[in-house]
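Chain by chain, the residues:
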Amino acid sequence: MADLRDLYQEVILDHTRRPRNFGRLAGANRCAEGFNPLCGDNVTLYLKLVDSVIEDARFEGNGCAISTASASLMTEALKGKTLDEVQVLFGAVHALLTSADGADPAASLGKLEVLSGVREFPVRVKCATLPWHTLQAALRDEARPVSTE
Ligand code: ZN
């Protein structure tokens, strides 16, 4: 288990140091902002949605290591997914982060599995879920920023 935890930590650190898909997205047609006042994280998510498929996703913002890594991993995972697939993924990640049983083993989380380490640090769970709640707001096309509080 210790080896697995080291690996998870390594992936999270890598995404924190070199966030993927960071910056504004030209041609985005969905956008939302999210805040986590507990930690001071903020994230702006840009999506390009074409025929119910997420063609591209990028994010900007200032956040802690966990929120940045979560946003980076999320934007990687979203590309090419249909809206239905995104909702399945959201449910699986939410369960992974918040339920004692973890995610449905049938859900294929791929690299997102590394976020499971966050469950050991309850105060950081909102950092990790922030990009995902911001994603929901972007898909609902909400103009009002979302807050984890
Ligand atoms: Zn945070």
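One structure accompanies this document, and this report is about it.

The rules we used
Residues numbered from 1 in each chain as written. Predicted model: local features only at pLDDT ≥ 70, side-chain atom pairs only at ≥ 80, totals over all residues. Heavy atoms only, no water. Helix = DSSP H or I, 4+ residues; strand = E, 2+ residues; numbered from the N terminus. Rg over C-alpha atoms; globule rule 2.2 N^0.38 Å. Buried < 20%, exposed > 50% of the residue type's maximum accessible area, 1.4 Å probe, protein only. Contact = heavy atoms within 4.5 Å. Areas by Shrake-Rupley, 256 points an atom, 1.4 Å probe, with all protein chains shown as cover. Axes fitted to C-alpha atoms, helices over the stretch in contact; angles between N-to-C directions. Parallel < 35°, antiparallel > 145°, perpendicular 65-115°, else oblique. Left-handed = near helix turned anticlockwise from the far one by under 90°. Nonpolar A, V, L, I, M, F, W, Y, C, P; charged D, E, K, R; others polar. Donors = N, O, S within 2.8 Å, 3.2 Å for Na, K, Ca; no water.

### Details of the overall build of the protein chain
Now for step 1: Within the protein chain one finds four helices and four strands.
Now for step 2: Written out in order from the N terminus, the α and β elements of the protein chain read α-β-β-β-α-α-α-β.
Now for step 3: Here the C-alpha radius of gyration of the protein chain, 14 Å, is about what a compact globule of 149 residues would show, namely 15 Å.
Now for step 4: A principal-axis box enclosing the C-alpha atoms of the protein chain has dimensions of 45 × 35 × 25 Å.
Now for step 5: Taking all 149 residues of the protein chain together, 43% fall into the buried category.
Now for step 6: A separation threshold of at least 6 residues defines the contact pool for the protein chain, and within that pool the share at least 24 residues apart is 58%.
Now for step 7: As displayed, the protein chain offers around 7800 Å² of accessible surface, 52% of which is attributable to carbon and sulfur atoms.

### Considering the packing of helix H3 (residues 83–98) against helix H4 (residues 125–140)
Now for step 1: Two elements in contact, H3 and H4, have axes whose closest approach is 11 Å; the angle formed by their N-to-C orientations is 160°. Classified by the angle their axes make, H3 and H4 are roughly antiparallel. As for the relative orientation of H3 and H4, their crossing is left-handed in sense. Here Leu83, Val86, Gln87, Leu89, Phe90, Val93, His94, Leu97 and Thr98 of H3 come into contact with H4, specifically with Val125, Ala128, Thr129, Trp132, His133, Leu135, Gln136 and Leu139.
Now for step 2: In terms of residue class, the contact of H3 with H4 is built from 11 nonpolar, six polar and no charged.

### Focus: the coordination of the zinc ion
Now for step 1: At the metal site, the zinc ion is ligated by Cys39 (SG), Asp41 (OD), Asp41 (OD), Cys64 (SG) and Cys127 (SG), and these contacts range over 2.2 to 2.6 Å.
Now for step 2: Mapped onto the polypeptide sequence, the residues donating to the zinc ion form the spacing pattern C-x1-D-x22-C-x62-C. Remark: Cys127 occurs in helix H4 and Asp41 occurs in strand S2 (residues 41–50); sequence separation between them is 86 residues.
Now for step 3: The class of Asp41 is buried, set by a relative accessible area of 2%.
Now for step 4: For Cys127, a relative accessible area of 1% corresponds to the buried category.

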